[in-house]
Every structure is written in structure tokens, then in C-alpha cells.
Amino acid sequence: MMKNITFLLISVILLSCQSSSTVEEGAKPNVVIILIDDEGYGDVGCYGATGFQTPNLDNMAANGMRFTNFYSPQAVCSASRAGLMTGCYPNRVGISMALFPHHNIGLNTEEYTIAEMFHDQGYSTACYGKWHLGWQKEFLPLQHGFDEFVGLPYSNDMWPRSSVTGELIEKKQVKYPELPLIEGDETISTISSLKDQDKLTRLFTERAVDFIDRNAQNPFFLYVPHVMAHVPLGVSDQFRGKSEQGLYGDVMMEIDWSVGQIMDALEKNDLTENTIVIFTTDNGPWLSYGNHGGSTGGLREGKLTSWEGGQRVPFIIKWPDNVPEGMVCNKLACGIDLLPTLASLTEGNLSDNKIDGVDISALFKGQFEENPREHLLYYLGKNNLHAVRQENWKLVLPHSYNSNTSNYGNDGHNGKTIRKQIEEPELYNLRRDPGEVFNVIDSHPDKANEMMKIVEKARMELGDMNVGIAKGSENREAGRLD
């Protein structure tokens, strides 16, 4: 009799454990997107980082998939985020470069964002971190599909203070108000010292964990666009001085800790199996800041350029039993692809707005024989088309850019950039030459001519100020306050 009771108890316990970790059939997956600011392609351990460790991100890649040819929508803050939110090349929706506090534009409320796509499916939605798509109320996250927002409306260096000492600077006070920390639509405090900057990564992490805890019983979309590693760098006492690479390495270690905290919260709430977690960055590193900037991992140039170091970024996705473990995807993909892909994976609907993103869910599933993105356009500035990529080939068009490869600053000081000009088209084979050193256009004129057809089509549709086409026939306007 005792044996039967013991067996029965063990069976109940095993069934209980099994049911607690089994995803309910038909349940929509939760989605977490962690977006880092100004982190380079070479700033994660599994992408070759040195001087600091990123064990949580490395574990995420080991149990998921990392991409080697993933691109931000553009090599600068606001434009990149506009692409992620809308699934469009940023110039299609009227957002270029970085928005400043004196600008009266933002993401148009007529755009259908990734948050609205989830919200319309009944997901709880939250954004904790840097928004940078318009600071006025009508442009803030709550007007674009998010239920909750805590964060900064723009970059953490857009304040009236020195990013080295934190002291007020009279000339900057004319341009910038104190840096607001916003909850919902209202300012709840100001970031008025470097010590305040030190608290931001932990603040957004704690908010993210709390959101997961509160929404464990219903599907959610959590967007964590960290302020770091944009200058001025800030890090908590827990990580200050912990890396071999100085303050920048300390910041990377705290970001990795943040990823670990979010993963732990999912595990604690038995959500790991049914949650898509994505990690990427908004653009490449700000090289002119020297030891306060990141690493491109050997790619050419950095942020604010359309060379590979400016736009090719880390991308890691984990989704147990759906994304194959330990896989590396070499196929072409971009941040504008996340909206249609996640809509496909969650059976969400898209609006009638034309988008440029494509569904790359086949790649997430390890179906590498598929080729959903055939080419990529590299736009920068006020609608300037700088380059196009097709498979392993990159055609660079005549344009000017600020080179960040010399005259570095250090310890929070910005160095000087050198204005350079590309006079004639250049062609690079990125499989053999990811550093874009050897121009092979004379050896492959037919490939260059073939890719110029993509350029001509893009100019008709989206425009190209380099050749005097202000905008194409299908561009839309940013939201504007009169």
C-alpha cells in the first residue's frame, strides 16, 4: 500500500513539474527586444570582444542563433529606431539622422508601429529606455502603441552639461534644457549629473523585470532600448572598474548583466520556452570618442557612416524549440525586417502602409537555403543613397562622409573627424574583404552595372539627394508640430 501511495505522489509531482514548464498549445509567444546604443559589431564576446566578458549574451547565442550580416536600418540613432518601429527605410517615413530638442518633428502617428501590431493582438506593451523619435507628447511611445514608457526622449548627451565633468556649460544651456526622465507622457525628474547617468541601465532593467513579473499570465511585448553605450558613459558601482578595457568595458559588462536579469525573470515566471528574445544595436560605435567608443571588430569606419562598421551590428535571437541552438546565420537581414517577421510569427496583421522589411522567419528556423532579403540600401543623412548590397557584393556610390579613423578623443572627449569624398563608384566583395579595403570594380564591371539597376529603382522610389532627387514617389512625411 505504501509503495502505491509513494508511486502516486511521485507521479503527481512529475506531472505538476511537466505542466508548469509546458507552453499552452496555441499561446502566442512573448517578445523581448533589447536594443543597445552605439555598441559595435565587435563588442560581444561571441563576436570577438576582448577586455571584458559577456557570458549572458554568449549563452544566449549558444542556445539560439547569431547573425553575421545583420544591419541597422541606418547608421544613426533616430533614423535607425524609425526603421525598427515601422519596418521602413527611415527616409520613407521622413526621419533622418538624429532628432534634437529644438526639432519639431517626430514619428507620424499615421505610421503603424511594431508596438501597435502587438497591441492590436491583445499584448501588453512597454518601452523602457531611450525613445528618440520625437520628444513632444504626441510623438512619445504611448501615442505609438505602448502601454508603458519610462525613459529619455532623446540621447543622453543632449543636455546643458559637460559630458566629461557634468558641469553646466553656458553655451549649451541655450540649446538644451535639462535632460528629462519621462514616465508615460510626463517628466518625473531630470538627469542632471553624471551620477544620474550611472543609474540608467539598472533603472531600465528593474522596470523591465517588474513588467515581466506583472504580465506573466498574458502575452507581452517588451522593448528595452538602453541609453548606454552612448556617451557620456554611465555605469553602476557594481561594475565600475571591473573590466580590462576601462569604462566602456564596464558598461558592456553591465549591459550583459541586464540581459541576464531579463532572462532570469523569464525563467522565474516559466516563460523562457514561449518567449522570443532579440538582442541588437541601433548602429555601430562612435569611434571618434576613442576609449569611450566601441569596436567594429575590424569593419571599416563606424557610426555616422555607411561603411560596414557603421551599419553592420550584432544580432542574437533565442526562442527555445523554434530557433535552432548554436546556429550562425550568414544571410542578409536588417532591423526593418523585424516588424513583418514578428507579425508572421505571432499571426499579427500589418497595415496598408507600404513597408520595406521582409519576413525572415525562415532564417530564424534555420532554413538557410531561403534568401528572403535580396538586397539592402544604405541611406544616410537627408536622403542620401550611399551604397547597395546584393549577396556578398557591395556597390559604394559617390558621396562624402566624416572619417572616424584618426584623431580620436579619449575619456569622454570627442576627437576630430576628417571629411572625405568618394569620387567614383567602388565595388567590394564582403565575403573576402569585410574591411572594404580592395576596390574590385575594374575586375567586375558587369556586377557593378547589375547593381546600378537596384540603385536606379531606389532613386525613383525613395530619392537620392546625391543626384538631386529630394524624395521619391512613395515617401511619407514625419509628424510635425506647427
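### Details of the nonpolar core
Reasoning step 1: Ranked by size, the top nonpolar core spans 63 residues in total, and within it Leu-222 and Phe-279 carry the most contacts.
Reasoning step 2: If near-sequence neighbours (up to four positions away) are discounted, Phe-279 is found in contact with Ile-34, Ile-36, Glu-39, Val-44, Leu-57, Met-60, Ile-255, Val-259, Pro-314, Phe-315 and Ile-316.
Reasoning step 3: Counting 48 residues, the second largest nonpolar core, distinct from the first, contains Cys-127, Tyr-223, Ile-278 and Trp-319.

### Quick word on the pattern of salt bridges
Reasoning step 1: Summed over all chains, the structure comprises 21 salt bridges.
Reasoning step 2: In this structure, Glu-477 engages Lys-471 in a salt bridge whose closest nitrogen and oxygen atoms are separated by 2.5 Å.
Reasoning step 3: Classification of Glu-477 by relative accessible area gives partly exposed; the value is 47%.
Reasoning step 4: A cluster of three or more residues bridged by salt bridges with shared partners is formed by Asp-37, Arg-81, Lys-130 and Asp-282.

### Quick notes on the confidence of the model for the protein chain
Reasoning step 1: Averaged over every residue, the pLDDT of the protein chain is 94; residues scoring 70 or more account for 95%.
Reasoning step 2: Counted against residues more than four places away or in other chains, residues 1-22, with its pLDDT under 50, gives two contacts.

### Quick word on helix α2 (residues 55-62)
Reasoning step 1: Along α2, the residues that are buried comprise Leu-57, Met-60 and Ala-61. Down the axis, α2 shows its buried residues gathered within 95° of arc, on one side only.
Reasoning step 2: Tucked inside the fold, the buried residues of α2 contact β2 (65-67), α8 (247-268), β10 (275-281) and β11 (315-318).

### Comments concerning the packing of aromatic side chains
Geometry of an aromatic ring pair is reported as the spacing of the ring centres plus the angle between the planes.
Reasoning step 1: Applying the stated criterion across every chain, the model contains 19 aromatic pairs.
Reasoning step 2: Ring geometry for Phe-118 against Tyr-123: centres 4.9 Å apart, planes inclined by 50°, an arrangement best described as tilted.
Reasoning step 3: Overall, the relative accessible area of 0% leaves Phe-118 in the buried class.
Reasoning step 4: Assessed through its relative accessible area of 2%, Tyr-123 is described here as buried.
Reasoning step 5: Considering the side-chain rings of Phe-315 and Phe-364, the 6.1 Å spacing of their centres and the 15° angle between planes classify their relative orientation as stacked. Taken together, the residues Phe-315 in strand β11 and Phe-364 in helix α11 (residues 361-364) connect sequence positions 49 residues apart. Side by side, Phe-315 and Phe-364 carry an identical accessibility label, which is buried.
Reasoning step 6: In this structure, Arg-300 packs its charged tip against the face of Trp-307, placed 3.6 Å from the ring centre.

The rules behind these values
Residues numbered from 1 in each chain as written. Predicted model: local features only at pLDDT ≥ 70, side-chain atom pairs only at ≥ 80, totals over all residues. Heavy atoms only, no water. Core = buried A, V, L, I, M, F, W, Y, C linked by side-chain atoms within 4.5 Å. Buried < 20%, exposed > 50% of the residue type's maximum accessible area, 1.4 Å probe, protein only. Contact = heavy atoms within 4.5 Å. Salt bridge = Lys/Arg side-chain N within 4 Å of Asp/Glu carboxyl O. pLDDT = per-residue confidence, 0-100. Helix = DSSP H or I, 4+ residues; strand = E, 2+ residues; numbered from the N terminus. Arc of directions from axis to C-beta. Phe/Tyr/Trp six-rings, centres within 6.5 Å; stacked < 30°, edge-to-face > 60°. Lys NZ or Arg CZ within 6 Å of the ring centre and 35° of its normal.

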